[in-house]
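# Architecture at a glance
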Amino acid sequence: VAQYLVFQTLYLLFDRFVLGGNTPFTYTTPYWILWFLVSVILWKVIAPLLARCPFGAVLAVAVALAVLAGYDHSLSRFLSLSRTLVFFPFFWLGYHAKKQHFERLRRLPAWLPLLAFGASFVALRAMPRLPVLFLYGATPYQTAQMQGPGAGLSRLACLGWGFVLVCCFFALVPAGKTVFSALGQRTGQVFLLHGFVIRYLGKALPLPVLLDTTVERLLFMALLTAALLLLLHRHVATACAPLLDPVRFFGRLRRARTP
């Protein structure tokens, strides 16, 4: 909650004074990527309350609500309620996941998840493209120009295939430590800070013009990779500690001052 309050304030100030935007100064509508923090807060409140209920029953109801949420026009970006419902099935599965589940996934032959990823790529190229707004799960189906039973079935299919791809991803994750393990411990700071970089680049650079050729796209990807590595640096974590984890930082500070 403290993290959300800090970064909601920072992003709103950044939007107003750096980007020249006019986003209302509010804490009930998360700014852009911060929807995830609000959803995590709600999931962490909801999941323990449902822990005594049968796992399968809760999952079935969660999936049904995720599908039905798209038909409810009263749900919107307010408190990230729409996305909280749409993506809660994944949180519920992760909430109950145990070490042995990941060990079983790692026993799958490597070609199987690679085949699933390849099939996804081919399907996305061959099938009619889903509207981006539909994949966000933030607004009703109608906003993404989808309606009727087909919209609900499309979301159900996306949830199912998303679960398959998540399993495929974990099937390829090494069991032991790698050269990337230390970097992986600092991905939270990348999530919270990269929005400033992306928003500023989107305003400062004429991206539709710059990304016109393959070379320009590769150079832009190199720029983003450099920004990623910079945000992953441990010095960034140290410098931004009061913002990234204010409760723990000031708690340690208070304990250090206590005789």
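Everything below is about the structure shown above.
Here is a short report on the structure shown in this document. (Residues numbered from 1 in each chain as written. Predicted model: local features only at pLDDT ≥ 70, side-chain atom pairs only at ≥ 80, totals over all residues. Heavy atoms only, no water.)

### Things to note about the packing of aromatic side chains
Per the counting criterion, the structure on display carries 18 aromatic pairs. Between Trp 35 and Phe 87 the ring centres are 5.8 Å apart and the planes differ by 35°, which places this aromatic pair in the tilted class. Linking Trp 35 in helix 2 (residues 35–50) with Phe 87 in helix 4 (residues 81–96), this pair joins segments that are 52 residues apart in sequence. Between Phe 36 and Phe 191, the ring centres sit 5.7 Å apart and the planes meet at 80°, which makes this aromatic pair edge-to-face. With Phe 36 in helix 2 and Phe 191 in helix 10 (residues 187–204), this residue pair connects regions lying 155 residues apart in the sequence. Members of the aromatic cluster, joined through ring pairs, are Trp 35, Phe 36, Trp 43, Phe 55, Phe 87, Phe 88, Phe 91, Trp 92, Tyr 95 and Phe 191. Over the aromatic face of Phe 134 sits the side chain of Arg 155, whose NZ or CZ is 5.5 Å from the ring centroid. The ring of Trp 32 has Arg 199 lying over it, and the distance from NZ or CZ to the ring centre is 4.1 Å. (Phe/Tyr/Trp six-rings, centres within 6.5 Å; stacked < 30°, edge-to-face > 60°. Helix = DSSP H or I, 4+ residues; strand = E, 2+ residues; numbered from the N terminus. Lys NZ or Arg CZ within 6 Å of the ring centre and 35° of its normal.)

### Considerations on a nonpolar patch on the surface
Together, Val 1, Leu 5, Leu 13, Phe 17, Val 18, Phe 25, Tyr 27 and Tyr 200 give the surface a local cluster of nonpolar side chains, amounting to about 800 Å² of exposed area. Mapped onto the secondary structure, Phe 25 falls in the loop between helix 1 (2–17) and helix 2. (Patch = residues over 30% accessible without salt bridge, like charges linked within 9 Å, V, L, I, M, F, W, Y side chains within 5 Å. Areas by Shrake-Rupley, 256 points an atom, 1.4 Å probe, with all protein chains shown as cover. Salt bridge = Lys/Arg side-chain N within 4 Å of Asp/Glu carboxyl O.)

### Some details on unusual backbone geometry
Here the phi dihedral of Trp 32 falls at roughly 50°; this positive angle occurs in a residue that is not glycine. Position of Trp 32 relative to the elements: it lies in the loop between helix 1 and helix 2.

### Topic: the environment of Arg 248
Among the structural elements, Arg 248 can be located in helix 15 (residues 246–257). Separated by 125 residues in sequence, Arg 248 and Ala 123 place their C-alpha atoms 45 Å apart. Within polar-contact distance, the side chain of Arg 248 engages the side chain of Asp 245 at 3.3 Å. (Polar contact = N/O pair within 3.5 Å; in protein donor to acceptor, adjacent residues only side chain to side chain.)

### A word on helix 3 (residues 55–68)
Over its 14 residues, helix 3 runs 20 Å from end to end, which matches the ideal 20 Å to within 8%, given 1.5 Å per residue. Buried residues along helix 3 sit in contact with helix 2, helix 4 and helix 8 (148–172). (Expected span 1.5 Å × (residues − 1). Contact = heavy atoms within 4.5 Å.)

### Quick look at helix 2
Under the 1.5 Å per step criterion, the end-to-end length of helix 2 is 22 Å for 16 residues, consistent within 8% with the ideal 22 Å. Of all the positions in helix 2, only Trp 35, Leu 37, Val 38, Ser 39, Val 40, Trp 43 and Ala 47 are classed as buried. On its buried side, helix 2 packs onto helix 1, helix 4 and helix 10. (Buried < 20%, exposed > 50% of the residue type's maximum accessible area, 1.4 Å probe, protein only.)

### So, the state of the cysteines
In the structure shown here, the tally under the stated rule is zero disulfides. This cysteine, Cys 158, is not joined by any disulfide, and Cys 168 carries the nearest cysteine sulfur, 16 Å off. Looking at Cys 167, it has no disulfide partner, and the nearest cysteine sulfur is the one in Cys 168, 7.0 Å off. (Disulfide = S-S within 2.5 Å.)

### As for the layout of surface pockets
The rolling of a water-molecule-sized probe over the atoms marks out the regions of remaining empty space. Of the volumes computed, that of the largest pocket is approximately 510 Å³. Lining the largest pocket we find 16 residues, and of these Leu 124, Met 127, Leu 130, Cys 158 and Trp 161 sit closest to its centre. Mapped by element, the contributors of at least two residues to the lining of the largest pocket are helix 6 (111–126), helix 7 (132–136) and helix 8. The element that contributes the greatest number of residues to the lining of the largest pocket is helix 8, accounting for six residues. Here the residues of the lining of the largest pocket sort into 12 nonpolar, three polar and one charged. (1 Å grid on protein atoms, 1.4 Å probe; cavity = no way out; pocket = protein on both sides within 12 Å on 5 of 7 lines; lining within 4 Å. Points joined across faces, edges and corners; volume = space filled by probe spheres on them. Nonpolar A, V, L, I, M, F, W, Y, C, P; charged D, E, K, R; others polar.)

Just distances and angles here, no functional claims.
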